2 protein chains.
Amino acid sequence: MNVQKPRTRIQKKNRRAILDAALDVFSAHGFRGATLDRIAEAAGLSKPNLLYYFPSKEAIHVALLSQLMDTWLDPLRELDPGGEPVAELLGYVRRKLQMSRDFPRESRLFANEILQGAPRIGPALETELKDLVDEKAAVIRGWVEAGRIAPVDPHHLIFSVWALTQHYADFDVQVRAVLGAARDPLDEAERFLDTLFARLVTP
Amino acid sequence: MNVQKPRTRIQKKNRRAILDAALDVFSAHGFRGATLDRIAEAAGLSKPNLLYYFPSKEAIHVALLSQLMDTWLDPLRELDPGGEPVAELLGYVRRKLQMSRDFPRESRLFANEILQGAPRIGPALETELKDLVDEKAAVIRGWVEAGRIAPVDPHHLIFSVWALTQHYADFDVQVRAVLGAARDPLDEAERFLDTLFARLVTP
DNA sequence: CGTGATCTTGACCGAATGGTCAAAACAGCC
DNA sequence: GGCTGTTTTGACCATTCGGTCAAGATCACG
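Residues numbered from 1 in each chain as written. Chains lettered and ligands numbered in written order. Predicted model: local features only at pLDDT ≥ 70, side-chain atom pairs only at ≥ 80, totals over all residues. Heavy atoms only, no water.

So, on to the interface of chain A and chain B. At the junction of the two partners, chain A supplies 53 residues and chain B supplies 53 residues. In this assembly, chain A packs against chain B so that about 4,600 Å² is buried in total across both faces, 67% of it on carbon and sulfur atoms. For the pair chain A and chain B, the number of links is two salt bridges. Note that Asp 153 of chain A is salt-bridged to Arg 183 of chain B, the shortest N-O span being 3.0 Å. For the pair chain A and chain B, the number of links is 16 residue pairs in polar contact (both at pLDDT 80 or more). (Contact = heavy atoms within 4.5 Å. Buried area = accessible area lost by both parts, 1.4 Å probe. Salt bridge = Lys/Arg side-chain N within 4 Å of Asp/Glu carboxyl O. Polar contact = N/O pair within 3.5 Å; in protein donor to acceptor, adjacent residues only side chain to side chain.)

A few words on the nonpolar core. Ranked by size, the top nonpolar core spans 142 residues in total, and within it Phe 26, Leu 157 and Phe 197 of chain A together with Phe 26, Ile 60, Leu 157 and Phe 197 of chain B carry the most contacts. Other than its neighbours up to four places away in sequence, Phe 197 of chain B contacts Leu 90, Val 93, Leu 157, Ser 160, Val 161, Leu 164 and Thr 202 of chain B. (Core = buried A, V, L, I, M, F, W, Y, C linked by side-chain atoms within 4.5 Å. Buried < 20%, exposed > 50% of the residue type's maximum accessible area, 1.4 Å probe, protein only.)

With that settled, the discussion passes to the layout of surface pockets. Taken as a whole, the second largest pocket encloses approximately 480 Å³ of empty space. Arg 32 and Gln 116 of chain A together with His 29, Gly 30 and Gly 33 of chain B are, among the 27 residues lining the second largest pocket, the residues nearest its centre. Looking at the lining of the second largest pocket, the elements with two or more residues in it are helix 1 (9–33) and helix 7 (104–115) of chain A together with helix 1 (9–33) and helix 7 (104–115) of chain B. Partitioned by chemical class, the residues of the lining of the second largest pocket number eight nonpolar, 12 polar and seven charged. (1 Å grid on protein atoms, 1.4 Å probe; cavity = no way out; pocket = protein on both sides within 12 Å on 5 of 7 lines; lining within 4 Å. Points joined across faces, edges and corners; volume = space filled by probe spheres on them. Helix = DSSP H or I, 4+ residues; strand = E, 2+ residues; numbered from the N terminus. Nonpolar A, V, L, I, M, F, W, Y, C, P; charged D, E, K, R; others polar.)

Take the side chain of Asn 14 of chain B next. All names here are of chain B. With respect to the helices and strands, the residue Asn 14 is situated in helix 1. Classification of Asn 14 as buried rests on a relative accessible area of 9%. Setting aside its immediate chain neighbours within four residues, Asn 14 contacts Leu 45 and Tyr 53.

Inspection of the region around DNA strand C gives 18 residues, with Leu 36 and Lys 57 of chain A together with Thr 8, Gln 11 and Tyr 53 of chain B positioned closest. Here DNA strand C approaches the protein such that, of its atoms within 4 Å, sugar and phosphate make up 56%. Secondary structure elements with two or more residues in the surface near DNA strand C: helix 3 (47–53) of chain A together with helix 1 and helix 3 (47–53) of chain B. Along the lines of polarity and charge, the residues of the surface near DNA strand C split into eight nonpolar, seven polar and three charged. (Near = heavy atom within 4 Å.)

Honestly, it's all geometry; don't read function into it.
Written as structure tokens, this is what we have:
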């Protein structure tokens, strides 16, 4: 199976099922903690059948990560240099938080990878990621110099968006343990982060 | 070896060496990714010798975590209800960031545990951690109601301190990849976070 | 120095795990 | 129905890993 693009209906369906199952297992147990048997079971396939569609456990992991990188940066890509600065930044925060809500598994998969020192997507960080961040940081710096937002380091501003939004996905267990069952973390986070970033960047 | 407190000199030395080596390995590879052989090698002992001091891999991990929980909450414990609110909060941020600088391995160990759903310290989150946070949150709420700091949700304020400070330890690889080799992330973070929280809580 | 307790290790074990393979089952098409 | 390429699987393998054990080395102390 060195098929890059699934051709048949069955291939498309099974590759989807495998990647979805693998996302479950990898994000919950990390790369080493995940086993092919568990992934196979979750996907409703036999282990050899898994390995018919992907050459190795590593290949599944890489497939997930590279697929993730794309969508992961979308919220930042949408930051519009021509828009109203404060509204643009608050919109970015809201979009990023929405990703924590919609794709917590992806967030944890990413967190796991970075925590282990990014052995598989290290290179992509220094190219794809850095390039995009530098580009948007320049935009933000422009806004600062024009006096349209308060003076802040653009890179660390972006880091703070990542840290704060991803925290609610990655540390979900902790957040819920502290808040108690009655409260909705993500709902409250939306209001809190709105306030936080509004105070931070409004001139 | 059901010794709780090391008695002899050798025991003290070797248990220290093991826990330090285990911290290295666990924080870098996660629980499942860590092997007794690696830990033993890093500690300069043979594997059976390891298991003379600790009954199992799990026991080493638990020992690390419970030892960690203690020091991990120190910065928050020191938050003084009688102090000047803004200075107290900024001091908390600075202390917490200092922990990311001094104990990045511990931070990653903790992050790994929470990411996996806190299978080993889950209970401690809902008791020890929650109790402390609730207590300090009440203090902060008092400050808000007295008009001494700007109105913010105390729990999410604390979460934001955790998220922002731990991000620089846990996602170090990513931060460095984006910033480039010439910049010192922690140094810049200190100034940035000072600004951020000052703007957030100053009435 | 002798002796009992502490410490260390080589050899080994069973279970789990990533991966292989050849053969069977199946799908699509004439 | 028969043929070809695709899909599925049971049986199997080599390695890794957590953990055991019995015997030997070393230490503390009278």
